[in-house]
Amino acid sequence: MSLFIKKPLDQLLAQAGDSEKGLKRTLSATNLVALGIGAIIGAGLFVRTAAAASEAAGPAVVVSFIVAAIGCAFAGLCYAEFASMIPIAGSAYTYAYTTMGELVAWVIGWALVLEYALGAATVSIAWSEYLNKLLNGAIPFAFSHSPLEVAADGTHGIINLPALLILAILTAVLIKGTQESASLNAVIVFIKVTIVLVFIAIGWGFINPANYEPFTIPAGTPGHDGFNEFGWGGVLGGASIVFFAFIGFDAVSTAAQEAKNPKRDMPIGILGSLVVCTILYILFSHVLTGIANWQEFKTAGKEASVAYAIETYMHGYGWLATAITIAILAGFSSVILVMLLGQSRVFFSMANDGLLPKIFSDLHPKFRTPYKSNILLFFFVGAFAAFIPGSMAGDLTSIGTLFAFVVVCIGVWVLRIKSPDLARPFKTPLVPIVPILGIIVCTALIVYVDSRTQIVAGVWMLLGFVVYFGYSKKNSVLRK
């Protein structure tokens, strides 16, 4: 039987309509938009902005955000069509299964582990760092860092307990129910968006126009990182760095099976959260690089770039630096929440298809959430968070996401050709132009990710093939 055997669309739709056995439909369009914003605004905005400015784009990091947003918009339009047509958990994995076959679906499902599980681990480590910063270093180094990290005084890390703590709390919330998770996320989103808006409003008055000169840093300027040159090439390099900031809108599609009216609400959730965050990102990066010169972020510390800009140039607003730290903690929390939710829903779909053990699709008898999957994910993600430095994750999360985006764009185009008469509550405009542009932009951003990350991602995919041919192919429900 072909490696590219496809899952019939009518079978998927029947599965989506089985509300008695499936996940509980509790999410409104507002919940979905908040879910997207909750996943998007986090480490990317507060950390990656300064990194992209100092390493690649300079003040033109604003343009880098626009380029990344355009790539996401093309992919988002394709996601919206699929999510309205196939309102079932699994996101890009499910879409690939019905358009390009089982092997491609497996590859995407495996790649999404880089986005969701590894992303949750990376952000939980950053959450630990910012909590310690807020507490003025009250948590001992040994119990807030991995065994692979050593302090300046020679102290070795043992385990990252704060990272494990936040993962445990959010896992418990997810097991309790999706609506409870969405309600908590909505509160967090309100807090962090409010603080971001306050920073933009107050910081605008402290902009120094001289910091925007030159807007695009000439190529070859001393200080680049050896890969992402300055100049317009640096703008693209910056786009590949800040792309991390947009990861999350696609996580909305993993909750399609829990939306009350997915045909209407999924496009609103996906595209609405993307539009809101793009506007905030452009304004935020413009203000940050206007307050402080981009070159200062090379030495000031990218992780604390916003607090540095406030404390150095916005005298009298020290309270805002503390508020930003609280917003960052809130932002990280909602990102972790949505990443864990997204990963468990992808595993839920893969287990239902027999490509993963059944334990990943077992639902709680009362809450109707994939609680065993959530518990296993806690141990898997927690192992990375507790014992591995965040720096080792690199750009793996971005490359896994970009790969998924490319496949979704291809999938929309393929399905339009093979099944043009299918009902499409939301239609991606200008097909095949929009999918082709999405493929080009996302592929270009993959190329601009550093070569080390590309190699590690390749090794991860090879491991995925071993699992597929060793277990998944033999247990596939579709093949039986």
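Residues numbered from 1 in each chain as written. Predicted model: local features only at pLDDT ≥ 70, side-chain atom pairs only at ≥ 80, totals over all residues. Heavy atoms only, no water.

Enquirer: Before we go on, may I ask you to explain the overall build of the chain in this structure?
Expert: Regarding its fold elements, the chain presents 17 helices and zero strands. Radius of gyration (C-alpha) of the chain: 22 Å, near the 23 Å computed for a compact globule of 480 residues. Each principal axis of the C-alpha atoms in the chain carries an extent, and together these give about 65 × 50 × 40 Å. Taken across its 480 residues, the chain has 60% of its residues classed as buried. Total accessible area on the chain stands at roughly 17600 Å², and carbon and sulfur atoms take up 70% of it. (Helix = DSSP H or I, 4+ residues; strand = E, 2+ residues; numbered from the N terminus. Rg over C-alpha atoms; globule rule 2.2 N^0.38 Å. Buried < 20%, exposed > 50% of the residue type's maximum accessible area, 1.4 Å probe, protein only. Areas by Shrake-Rupley, 256 points an atom, 1.4 Å probe, with all protein chains shown as cover.)

Enquirer: Can you help me understand helix H7 (residues 161-176) in this one?
Expert: A turn of α-helix holds 3.6 residues, and therefore any two residues three or four places apart point the same way. Here H7 spans 23 Å end to end across 16 residues, near enough to the 22 Å set by a 1.5 Å rise per residue. Of the positions making up H7, those classed as buried are Pro-162, Ala-163, Leu-164, Ile-166, Leu-167, Leu-170, Thr-171, Val-173, Leu-174 and Ile-175. In the stretch just after H7, Gly-177 is the one whose phi turns positive, near 160 degrees. (Expected span 1.5 Å × (residues − 1).)

Enquirer: What's the story with the pattern of salt bridges in this structure? I'm lost.
Expert: Between side chains of opposite charge, a pair can form when the charged atoms approach closely. Applying the stated criterion to the full structure yields seven salt bridges. The partner of Glu-102 in a salt bridge is Arg-479, and the shortest N-O contact between them spans 2.8 Å. Taken together, the residues span a long stretch of sequence, with Glu-102 in helix H6 (residues 102-134) and Arg-479 in the segment after helix H17 (451-475) at a distance of 377 residues. Judged by relative accessible area, Arg-479 falls into the buried class, the value being 17%. (Salt bridge = Lys/Arg side-chain N within 4 Å of Asp/Glu carboxyl O.)

Enquirer: So what exactly am I meant to see when it comes to the environment of Gly-342 here?
Expert: Checked against the element boundaries, Gly-342 lands in helix H13 (residues 318-352). With 281 residues separating them along the chain, Gly-342 and Val-61 place their C-alpha atoms 29 Å apart. Every residue in contact with Gly-342, bar those within four places of it in the chain, is listed here: Tyr-116 and Thr-254. (Contact = heavy atoms within 4.5 Å.)

Enquirer: Mind showing me how you'd approach the packing of helix H15 (residues 396-418) against helix H16 (residues 433-447) here?
Expert: Each packed pair of helices is defined by two parameters, the angle between the axes and the distance between the axes. Between H15 and H16, the shortest axis-to-axis distance is 9 Å and the interhelical angle comes to 160 degrees. Taken as axis vectors, H15 and H16 run roughly antiparallel relative to one another. Regarding H15 and H16, the two cross each other, and that crossing is left-handed. Contacts between H15 and H16 pair Ile-399, Leu-402, Phe-403, Phe-405, Val-406, Cys-409, Ile-410, Val-412 and Trp-413 from the former with Pro-435, Ile-436, Gly-438, Ile-439, Cys-442, Thr-443, Leu-445 and Ile-446 from the latter. Of the residues in the contact of H15 with H16, the class split is 15 nonpolar, two polar and no charged. (Axes fitted to C-alpha atoms, helices over the stretch in contact; angles between N-to-C directions. Parallel < 35°, antiparallel > 145°, perpendicular 65-115°, else oblique. Left-handed = near helix turned anticlockwise from the far one by under 90°. Nonpolar A, V, L, I, M, F, W, Y, C, P; charged D, E, K, R; others polar.)

Enquirer: Honestly, unusual backbone geometry in this entry has me stumped. Any pointers?
Expert: Glycine aside, the phi torsion of most residues is negative, and most peptide linkages are trans. Residue Pro-432 follows Val-431 across a cis peptide bond; omega there is 10 degrees. With respect to the secondary-structure elements, Pro-432 resides in the loop between H15 and H16. Even without a glycine there, the phi angle at Asn-136 is positive, about 55 degrees. With respect to the helices, strands and loops of the structure, Asn-136 is situated in the loop between H6 and H7. A relative accessible area of 72% means that Asn-136 is categorised as exposed. Even without a glycine there, the phi angle at Leu-430 is positive, about 55 degrees. By secondary structure assignment, the location of Leu-430 is in the loop between H15 and H16. When its relative accessible area of 60% is taken as the criterion, Leu-430 is described as exposed.

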